[in-house]
Amino acid sequence: NSKGLFNCPYGDPRALPSVGHDRMLAAARRLEDAEVMWGDFQAALERATEGDVVYCDPPYSDQEHAPSFVAYTSTRFGPEQHARLVSAGSAAVRRGATVAISNHDTPETRRLYRGWEQYHLEVRRSVSAKSEHRGNARELLVILRP
């Protein structure tokens, strides 16, 4: 969090949907060869090579009418970090990886990911401190392939 401490709320376990034992085992089998890393995205993307698929879900860019929450850590994830993510993703693709990144769908993000496949999605936002900010939002999913 902004103080450098671990802070990951999970909600009320009684309200969580039941995934089911069989589905959980099937997911576990599919993830047996997955590697989970903690740290800067640069390190993960530098390891990506031919045949790898990397999905990046960075703190989203600000929207014109609503600033985004960009302070997941003690440092802000701003325009420079987004440009660095594009550069690192492009380098991974040159090594044969496929990279997918999600963000807000804004004119700025469309420009940032120019040359990437761009998919414009309508998503439901059900989490916000203010209930009037909950609802549908436009997201951009971009994919760059070798």
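Look above for the structure.
Throughout what follows, the structure given in this document is the object of discussion. (Residues numbered from 1 in each chain as written. Predicted model: local features only at pLDDT ≥ 70, side-chain atom pairs only at ≥ 80, totals over all residues. Heavy atoms only, no water.)

1. Quick look at the sheet that holds strand 4 (residues 135-144)
Okay, step 1: Spatial ordering of the open sheet is given by 1-2-4-3, a layout of four strands whose pairing is mixed. Only two strands of the sheet have a single partner each, and these edge strands are strand 1 (53-56) and strand 3 (117-125). Between one strand and the next, the sheet's axes are offset by a mean angle of 20°, whatever the strand orientation.
Okay, step 2: Where strand 1 meets strand 2 (residues 98-104), four bridges bridge the pair, whose relative direction is parallel. Pairing of C56 across the sheet is with I101, part of strand 2.
Okay, step 3: Strands in contact with helix 3 (residues 79-94) are strand 1, strand 2 and strand 4; relative to strand 2, the strand with the most contacts, it is inclined by about 160°. (Pairing = 2+ DSSP bridges. Helix = DSSP H or I, 4+ residues; strand = E, 2+ residues; numbered from the N terminus. Axes fitted to C-alpha atoms, helices over the stretch in contact; angles between N-to-C directions. Contact = heavy atoms within 4.5 Å.)

2. Section: the environment of A43
Okay, step 1: Structurally, A43 can be placed in helix 2 (residues 41-47).
Okay, step 2: What makes A43 partly exposed here is its relative accessible area of 38%.
Okay, step 3: A sequence separation of 45 residues divides A43 from A88, and the C-alpha atoms of the two residues are 9.2 Å apart. (Buried < 20%, exposed > 50% of the residue type's maximum accessible area, 1.4 Å probe, protein only.)

3. So, the side chain of N103
Okay, step 1: Looking at the element boundaries, N103 is found in strand 2.
Okay, step 2: A distance of 2.8 Å separates a polar side-chain atom of N103 from the backbone nitrogen of S61.
Okay, step 3: Filtering out sequence-adjacent residues up to four positions away, N103 remains in contact with Y60, S61, H82, T109, Y113, E139 and L140. (Polar contact = N/O pair within 3.5 Å; in protein donor to acceptor, adjacent residues only side chain to side chain.)

4. Remarks on the side chain of S102
Okay, step 1: Mapping S102 onto the fold places it in strand 2.
Okay, step 2: On the basis of relative accessible area, S102 is assigned to the buried category, the value being 3%.
Okay, step 3: A distance of 2.7 Å separates the side chain of S102 from the side chain of Y55, its partner in a polar contact.
Okay, step 4: Within polar-contact distance, the side chain of S102 engages the side chain of Y60 at 3.1 Å.
Okay, step 5: Those residues within four positions of S102 in sequence are excluded, and the remaining contacts are Y55, C56, D57, P58, Y60, E139, L140 and L141.

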